[in-house]
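Summary of structural features
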Amino acid sequence: MHQALAWIGLLYKVEREAKEREPTDYDAFVRLRHELRAERSRPIFEQFYAWLEAELPKIRPKSPIGEAISTP
């Protein structure tokens with residue numbers, strides 16, 4: 001599960017970058033965060049999802065990790 005934590009860490013990094021570049025205008029901040037998530041977070045989520053799909057057959061379905069991965 002170290003790999004899963006690495007993917008999650010990358011997502012948190014994108015969020016930290018958005019906060020660091022936070023504009024004074026709230027609407028601009030929302031737009032910036034949305035753009036960063038679309039550009040940076042979406043590809044990470046897609047890779048993370050593909051990794052989870054590949055890992056699922058290797059894990060016992062009734063294990064806590066197996067249930068967490070397979071829960072919609």
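Computed from a prediction, not measured in an experiment: that's the story for all the values here. (Residues numbered from 1 in each chain as written. Predicted model: local features only at pLDDT ≥ 70, side-chain atom pairs only at ≥ 80, totals over all residues. Heavy atoms only, no water.)

Quick look at the overall build of the protein chain
- Of the regular secondary structure elements, the protein chain holds 3 helices and 0 strands.
- Mapped in sequence order, the helices and strands of the protein chain form the string α-α-α.
- Here the C-alpha radius of gyration of the protein chain, 16 Å, is well above what a compact globule of 72 residues would show, namely 11 Å.
- Principal-axis analysis of the C-alpha atoms places the extent of the protein chain at approximately 50 × 20 × 15 Å.
- Looking at the protein chain as a whole, 28% of its 72 residues qualify as buried. (Helix = DSSP H or I, 4+ residues; strand = E, 2+ residues; numbered from the N terminus. Rg over C-alpha atoms; globule rule 2.2 N^0.38 Å. Buried < 20%, exposed > 50% of the residue type's maximum accessible area, 1.4 Å probe, protein only.)

Structural notes on a nonpolar patch on the surface
- A surface patch of nonpolar side chains, amounting to about 330 Å² of accessible area, comprises L5, I8 and Y12.
- The class of L5 is exposed, set by a relative accessible area of 58%. (Patch = residues over 30% accessible without salt bridge, like charges linked within 9 Å, V, L, I, M, F, W, Y side chains within 5 Å. Areas by Shrake-Rupley, 256 points an atom, 1.4 Å probe, with all protein chains shown as cover. Salt bridge = Lys/Arg side-chain N within 4 Å of Asp/Glu carboxyl O.)

Thoughts on helix α1 (residues 2–20)
- Relative to the 27 Å expected for 19 residues at 1.5 Å per residue, α1 spans 27 Å between its end C-alpha atoms, a close match to the ideal helical length.
- Among all positions of α1, only A4, W7, L11, V14, E15 and A18 are buried. Buried residues in α1, looked at end-on, bunch into an arc of 95 degrees, giving them a common side. Looking at α1, the residues exposed on the side facing more than 90 degrees away from the buried face are H2, L5, Y12, K19 and E20. (Expected span 1.5 Å × (residues − 1). Arc of directions from axis to C-beta.)

Considerations on the side chain of E15
- Here E15 shows up in helix α1.
- Here the side chain of E15 touches R33 through a polar contact of 3.4 Å, side chain to side chain.
- Every residue in contact with E15, bar those within four places of it in the chain, is listed here: R33, R37 and S41. (Polar contact = N/O pair within 3.5 Å; in protein donor to acceptor, adjacent residues only side chain to side chain. Contact = heavy atoms within 4.5 Å.)

What about the packing of α1 against helix α2 (residues 26–55)?
- At a minimum axis distance of 9 Å, the contact between α1 and α2 shows a crossing angle of 170 degrees. Looking at the two axes, α1 sits roughly antiparallel to α2. On the side of α1, the interface is formed by Q3, A4, W7, I8, L10, L11, V14, E15, E17, A18 and K19, while α2 contributes F29, L32, R33, L36, R37, R40, S41, I44, F45, Q47, F48 and W51. (Axes fitted to C-alpha atoms, helices over the stretch in contact; angles between N-to-C directions. Parallel < 35°, antiparallel > 145°, perpendicular 65-115°, else oblique.)

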